2 protein chains.
Amino acid sequence: MTITFDVLAEQLRAGGHKLTQPRRAILQALLASAKPLSPAEIQQSGQAFCAELGLVTVYRTLEILESIDMVRPVHVADGCHGYVLATPGHTHHVVCERCHAVVEIVGCDLGDFLDRVAARTGYQITDHWLEIAGICGACQQEKMD
Amino acid sequence: MTITFDVLAEQLRAGGHKLTQPRRAILQALLASAKPLSPAEIQQSGQAFCAELGLVTVYRTLEILESIDMVRPVHVADGCHGYVLATPGHTHHVVCERCHAVVEIVGCDLGDFLDRVAARTGYQITDHWLEIAGICGACQQEKMD
DNA sequence: TCTCGTACTGAAAAAGTTTTTCAATTAGGA
DNA sequence: TCCTAATTGAAAAACTTTTTCAGTACGAGA
Ligand SMILES: [Mn+2]
Ligand SMILES: [Mn+2]
Ligand SMILES: [Zn+2]
Ligand SMILES: [Zn+2]
């Protein structure tokens, strides 16, 4: 979790996009959060950095960030779709059921399992999406109070 | 895929719910579909069985069916949340990217992988959600035309 | 089979979310 | 610094989901 704002900013520009104040604010909001954020939460949190930040801009920026794989949708237990910063490539997320703290899992060993699925179903597997729910260390502690 | 309407109907009543015409229609719609259906699609398809079927009732019924694990939300590539009938217990789904045909995977071998995730993150893993995308047999054929 | 209480229904309205439109603004290369 | 295309926020539209409410129908019990 040592990714910096400057790296993100550069990634955005490398994708051919302008680095505007609202976009800076959105990146800051995502960077500051330990849990997936909804568009409305991103707006609210981002307004600390750009007071005028509009919700429309949040939607538009998320669309861009997702298209260049800088951000990924994560399913939170109840509602849908929180967004978190992604490290490039194929990853999964573990989300705490209590506090929604997120940890990214970079490696993924599902190959054998997926091969078996392919054999059994006749499908040619192209992709998969795994999300893991659990209870984070901090929340486990809390239980013992 | 040999589940019958009568079995579903009985499951619903076993859960303490009435077996009404609109609910019959919703079960028929789900039973007849090879792919996940949105609430609006369920309404439309269900109106063949109950002409007056309202969308509100579809939402309410899905909530019940989900609560007794008769139906499960599945994420379709673009939009969110289609619903499919579920076999009880823990399953996953393979969804065709082209035609959305769904196959349910009953076993799941993720135990070792999840143990490693637990060890690495300190999270106590409570649940997981895996969806697999692919290309079904029929759509693979089609490619060769 | 009939009666009755309650679970359930659809219409309408409200609430919430996401997308589109548009005139004004701003980033950043020249 | 200037210029232009990309980007912005407000407003409105389009969609989706939930709430309210008066009427309906299921199904247990007589
Ligand atoms: Mn994976
Ligand atoms: Mn979803
Ligand atoms: Zn936690
Ligand atoms: Zn297919």
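From a predicted model like this one, the values you see are computed outputs, not experimental measurements.

Chemist: Can you help me understand the protein's contact with DNA strand D in this one?
Modeler: What surrounds DNA strand D is a group of 20 residues, the closest being A:Thr57, A:Arg60, B:Lys18, B:Leu19 and B:Tyr59. At 2.7 Å from a base nitrogen of DNA strand D is found a side-chain nitrogen or oxygen belonging to A:Arg60. Backbone polar atom of B:Leu19 to a phosphate oxygen of DNA strand D: 2.7 Å apart, as the coordinates give it. When contributions to the surface near DNA strand D are tallied by element, the ones reaching two or more residues are helix H2 (21-32) and helix H4 (55-67) of chain A together with helix H4 (55-67) of chain B. In the surface near DNA strand D, the residues fall into seven nonpolar, six polar and seven charged.

Chemist: Is there a simple way to explain the interface of chain A and chain B in this structure?
Modeler: Interfaces are often described in size by the accessible area the parts lose on coming together. The interface of chain A with chain B comprises 39 residues on the first partner and 39 residues on the second. For the pairing of chain A and chain B, the buried interface totals around 3,000 Å² over both sides, and the portion due to carbon and sulfur atoms is 64%. Taken together, chain A and chain B are joined by two salt bridges. Its salt-bridge partner being B:Asp109, residue A:Arg116 comes within 2.0 Å of it at the nearest N-O pair. Linking chain A with chain B are 16 residue pairs in polar contact (both at pLDDT 80 or more). Sorting the residues of the side of chain A that touches chain B by element identifies strand E3 (92-96), strand E4 (102-105), helix H5 (111-121), strand E5 (124-135) and helix H6 (137-143) of chain A as the ones contributing at least two each. Tallying contributions element by element places E5(A) first for the side of chain A that touches chain B, with 12 residues. For the side of chain A that touches chain B, the per-class residue count stands at 22 nonpolar, 11 polar and six charged. With 11 bridges joining them, E5(A) and strand E5 (residues 124-135) of chain B adopt antiparallel strand pairing.

Chemist: Explanation requested: the pairing of strand E4 (residues 102-105) of chain B in the structure shown.
Modeler: Looking along a regular strand, one sees side chains alternate from face to face of the sheet. Residues and elements named next belong to chain B. Where strand E3 (residues 92-96) meets E4, four bridges bridge the pair, whose relative direction is antiparallel. Bridge pairing in E4 links Val94 to Val103. Hairpin remark: E3 followed by E4, antiparallel, with five residues in the connecting loop; positive phi at His100, about 70 degrees.

Chemist: Looking at this structure, I do not really get the protein's contact with DNA strand C. What am I missing?
Modeler: Neighbouring residues of DNA strand C: 19 residues in total, closest A:Tyr59, B:Thr20, B:Arg23, B:Thr57 and B:Arg60. In the interface set of DNA strand C, defined as its atoms within 4 Å of the protein, sugar plus phosphate atoms amount to 68%. One of the backbone N or O atoms of B:Glu52 is found 3.2 Å from a phosphate oxygen in DNA strand C. B:Arg60 places a polar side-chain atom, nitrogen or oxygen, 2.6 Å from a base nitrogen of DNA strand C. When residues of the surface near DNA strand C are traced back to their parent elements, those giving at least two are H4 of chain A together with helix H2 (21-32) and H4 of chain B. Residues that form the surface near DNA strand C fall into these classes: six nonpolar, six polar and seven charged.

Chemist: When you look at the coordination of the zinc ion (ligand 4) in this model, what are you seeing that I'm missing?
Modeler: The reference angle at a metal is 109.5 degrees if four donors form a tetrahedron and 90 or 180 degrees if six donors form an octahedron. Residues and elements named next belong to chain B. Only Cys96 (SG), Cys99 (SG), Cys136 (SG) and Cys139 (SG) from the protein coordinate the zinc ion (ligand 4), and they sit 2.1 to 2.4 Å from it. Around the zinc ion (ligand 4) sit four donor atoms; with metal-centred angles ranging over 102 to 117 degrees, the donor geometry is tetrahedral. In the primary structure, the donors to the zinc ion (ligand 4) are separated according to the pattern C-x2-C-x36-C-x2-C. Exposure remark for Cys136: the relative accessible area of 7% places this residue in the buried category. Overall, the relative accessible area of 6% leaves Cys139 in the buried class.

Chemist: What am I meant to see in the coordination of the manganese ion (ligand 1) here?
Modeler: Residue and element names in this part refer to chain A. Around the manganese ion (ligand 1), the protein contributes the donor atoms His90 (NE2), His92 (NE2), Cys108 (SG) and His128 (NE2), which lie 1.8 to 2.3 Å from the metal centre. Mapping the donors of the manganese ion (ligand 1) onto the primary sequence yields the spacing H-x1-H-x15-C-x19-H. Residue His92 is located in strand E3, and its partner His128 is located in strand E5; the two are separated by 36 residues in the primary sequence.

Chemist: Explain H2(A) to me, please; I cannot follow it from the model alone.
Modeler: For the α-helix, the turn length of 3.6 residues means that residues three or four positions removed from each other point alike. Residues and elements named next belong to chain A. Counted at 1.5 Å a residue, the expected span for H2 with its 12 residues is 16 Å, and the 16 Å between its end C-alpha atoms agrees. Of all the residues in H2, the buried ones are Arg23, Ala25, Ile26, Leu27, Ala29 and Leu30. Buried residues belonging to H2 abut helix H1 (5-14), helix H3 (39-46), H4, strand E1 (71-74) and strand E2 (82-85).

Criteria and cut-off values
- Position numbers for residues count from 1 along each chain, tracking the sequence in the order it is written.
- All chains are assigned letters beginning at A, and all ligands numbers beginning at 1, according to the order in which they are written.
- In keeping with the predicted nature of the model, local features appear solely for residues at pLDDT of at least 70, side-chain atom pairs appear and are counted solely at 80 or more, and the whole-chain, interface and lining totals rest on all residues.
- Computation of side-chain values: all heavy atoms of the structure, hydrogens and water removed.
- We call a residue near a molecule or strand when any one of its heavy atoms sits within 4 Å of it.
- Definition of a polar contact: a pair of N or O atoms within 3.5 Å, with one able to donate and the other able to accept a hydrogen when the atoms are protein atoms, and with sequence-neighbouring residues admitted only if both atoms are side-chain atoms.
- Here a strand is any run of E in DSSP of at least two residues, a helix any run of H or I of at least four, and the numbering for each starts at the N terminus.
- Under the scheme applied here, ten amino acids are nonpolar (Ala, Val, Leu, Ile, Met, Phe, Trp, Tyr, Cys and Pro), four are charged (Asp, Glu, Lys and Arg), and all others, including Gly, are polar.
- By definition in these notes, contact holds between two residues if any of their heavy atoms fall within 4.5 Å.
- A 1.4 Å probe defines the accessible area here, and the buried area is the portion of it lost by two parts on being joined, summed over both.
- Think of a salt bridge as a Lys or Arg side-chain nitrogen and an Asp or Glu carboxyl oxygen that are within 4 Å of each other.
- Here, any two strands with at least 2 DSSP bridges between them count as paired.
- Distances up to 2.8 Å from the metal define which N, O and S atoms are donors, and 3.2 Å serves for Na, K and Ca; water is absent from the atom set, so sites may look incomplete.
- Think of it this way: with four donors and all angles in the 85 to 135 degree range, the site is tetrahedral; with four or six donors, opposite ones beyond 155 degrees and the rest between 65 and 115, it is square planar or octahedral; otherwise it is irregular.
- For the exposure calls, accessible area comes from a 1.4 Å probe over protein chains only, and a residue counts as buried if that area is under 20% of its type's maximum, exposed if over 50%, partly exposed in between.
- A helix is expected to span 1.5 Å multiplied by its residue count minus one.

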